[in-house]
Amino acid sequence: MRKHQRAETIMRRLNEHYPDPAIPLDHHNDFTLLIAVVLSAQSTDKKVNEVTVSLFEHAQTPEEMYQLGEVNILNMIRQLGLSKQKAKNIHRLSEIIVQRFHSSVPKNFKDLESLPGVGHKTASVVMAQAFGVPTFPVDTHIHRLAQRWGLSNGSSVVQTEKDLKKLFPKSAWNKLHLQIIYYGRENCSARGCDGTTCDLCRELYPKRRNPVKLIKT
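Throughout, residues of each chain are indexed from 1 in the direction in which the sequence is written. Whole-chain, interface and lining totals are the exception, using all residues; otherwise, since this is a predicted model, local features are given only for residues with pLDDT of at least 70 and side-chain atom pairs are given and counted only at 80 or more. With hydrogens and water excluded, all non-hydrogen atoms of the structure serve as input to the side-chain values.

## Things to note about the side chain of Thr160
Note the cut-off: For the purposes of this entry, the term helix denotes a DSSP run of H or I that reaches at least four residues, the term strand denotes a run of E that reaches at least two, and both are numbered from the N terminus. For this analysis, a polar contact is any N or O atom pair within 3.5 Å, provided that within protein one partner can donate a hydrogen and the other can accept it, and provided that sequence-adjacent residues contribute only side-chain to side-chain pairs. We call two residues in contact when some of their heavy atoms are within 4.5 Å.
For Thr160, the location among the structural elements is in helix α10 (residues 157–167). Among the polar contacts listed, one links the side chain of Thr160 to the side chain of Ser152, at a separation of 3.5 Å. If sequence neighbours within four positions are ignored, Thr160 has contacts with Val138, His143, Ala146, Ser152 and Gly154.

So, in structure tokens, the structure goes:
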């Protein structure tokens, strides 16, 4: 298959597997989605969803989160990796949102990425899932599968994002982001497939015999 044919096949198969993919991080509004995504760095969504039950019972707005205080935030998220830095970032970004953005989560990349603990991927997820802006956040699953499926050379997550945006229609980006993540977790994981095992890898590359060597970032 040529690259554009692989992209069409991937979209078709993922729509069959995940016609209406849900956001895997539990949240109540755009602010709690932002917090959940910040917490997900170097942590699993499952673990984040466990700790945010208590956190979001106490705070669902920037004002409430700031008033909760850094120490209390830390006590509720201590099970997560990088918990001290995350607590500090969440407390500070809540203060900034209240003071600089009138208690509303910014709806543009520049302002979102100015917040502590918010990089391009986090901002992309919030822009896509909270505000419906077409983006293509690249996490480890997407970066891995883009290489296995021959959609990008894997030189960087920045390059992977550019390559995927060129290959897929803009209207599909937000949905595809979730679909690829789910497929990567359930069918084409880092250890469960090497580019020759899962159904989609075999369909895209029926003659492939050697494992795909991945570039990790």
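## A look at helix α3 (residues 45–58)
For clarity, the cut-off: For a helix, the expected span equals 1.5 Å multiplied by the residue count minus one. Bend is the name given here to the angle between axes fitted to two runs of seven residues, the run ending at a residue and the run starting at it. Think of it in three bands: residues with accessible area under 20% of the maximum for their type are buried, residues over 50% are exposed, and the middle band is partly exposed, with areas taken using a 1.4 Å probe on protein chains only.
Counted at 1.5 Å a residue, the expected span for α3 with its 14 residues is 20 Å, and the 20 Å between its end C-alpha atoms agrees. Taken as a whole, α3 carries its principal kink of about 40° at Thr52. For α3, the set of buried residues is Asp45, Val48, Asn49, Val51, Thr52, Leu55 and Phe56. On its buried face, α3 sits against α2 (30–39), α4 (62–68), α5 (70–77) and α11 (173–186).

## Considering the packing of helix α9 (residues 140–148) against α10
Using the following cut-off: In this description, a line fitted to the C-alpha atoms serves as the axis of each element, helices being fitted only across the stretch in contact, and the angle between N-to-C directions of two axes falls anywhere from 0 to 180 degrees. These descriptions rest on fixed angle ranges, namely under 35 degrees for roughly parallel, over 145 for roughly antiparallel, 65 to 115 for roughly perpendicular, and the rest for oblique. What makes a crossing left-handed is the near helix being turned counterclockwise from the far one by less than a right angle; a clockwise turn instead makes it right-handed.
Two elements in contact, α9 and α10, have axes separated by 10 Å at closest approach and are oriented at 65°. Compared by their axis directions, α9 and α10 come out roughly perpendicular. Between α9 and α10 the crossing geometry is left-handed. Where α9 approaches α10, its residues Ile142, His143 and Ala146 are matched on the opposing element by Val157, Thr160 and Leu164.

## Some points on unusual backbone geometry
The phi dihedral of Leu82 is positive, around 60°, even though this residue is not glycine. Looking at the element boundaries, Leu82 is found in the loop between α5 and α6 (83–100). Residue classification places Leu82 among the partly exposed residues on the basis of a relative accessible area of 48%. Positive phi outside glycine occurs at His102, with the angle close to 55°. Along the chain, the position of His102 falls in the loop between α6 and α7 (109–113). We classify His102 as exposed; its relative accessible area is 68%.

## Side note on the packing of aromatic side chains
The condition that has to hold: Centres within 6.5 Å are what make two rings of Phe, Tyr or Trp a pair, Trp counting through its six-membered ring; a difference in plane orientation under 30 degrees is then read as stacked, over 60 as edge-to-face, and the rest as tilted. Two limits define a charge over a ring: the Lys NZ or Arg CZ must be within 6 Å of the ring centre, and within 35 degrees of the ring normal.
Per the stated rule, a full pass over the model turns up three aromatic pairs. Plain terms: the ring middles of Phe136 and Phe168 are 6.3 Å apart, the flat faces sit at 40° to each other, and that makes the pair tilted. Placement of Phe136 in the loop between α8 (120–129) and α9 and of Phe168 in the loop between α10 and α11 is noted, with a sequence separation of 32 residues between them. A cation over an aromatic ring shows up here: Arg208 above the ring of Tyr205, its NZ or CZ 3.8 Å from the ring centre.

## Let's talk about the environment of Thr197
Mapped onto the fold, Thr197 is located in the loop between α11 and α12 (199–204). The exposure class of Thr197 is partly exposed, given its relative accessible area of 38%. In the structure, Thr197 is positioned 157 residues away from Ser40 in sequence and 28 Å away in space, judged by C-alpha atoms. In contact with Thr197, other than residues within four places in its own chain, are Gly192 and Arg202.

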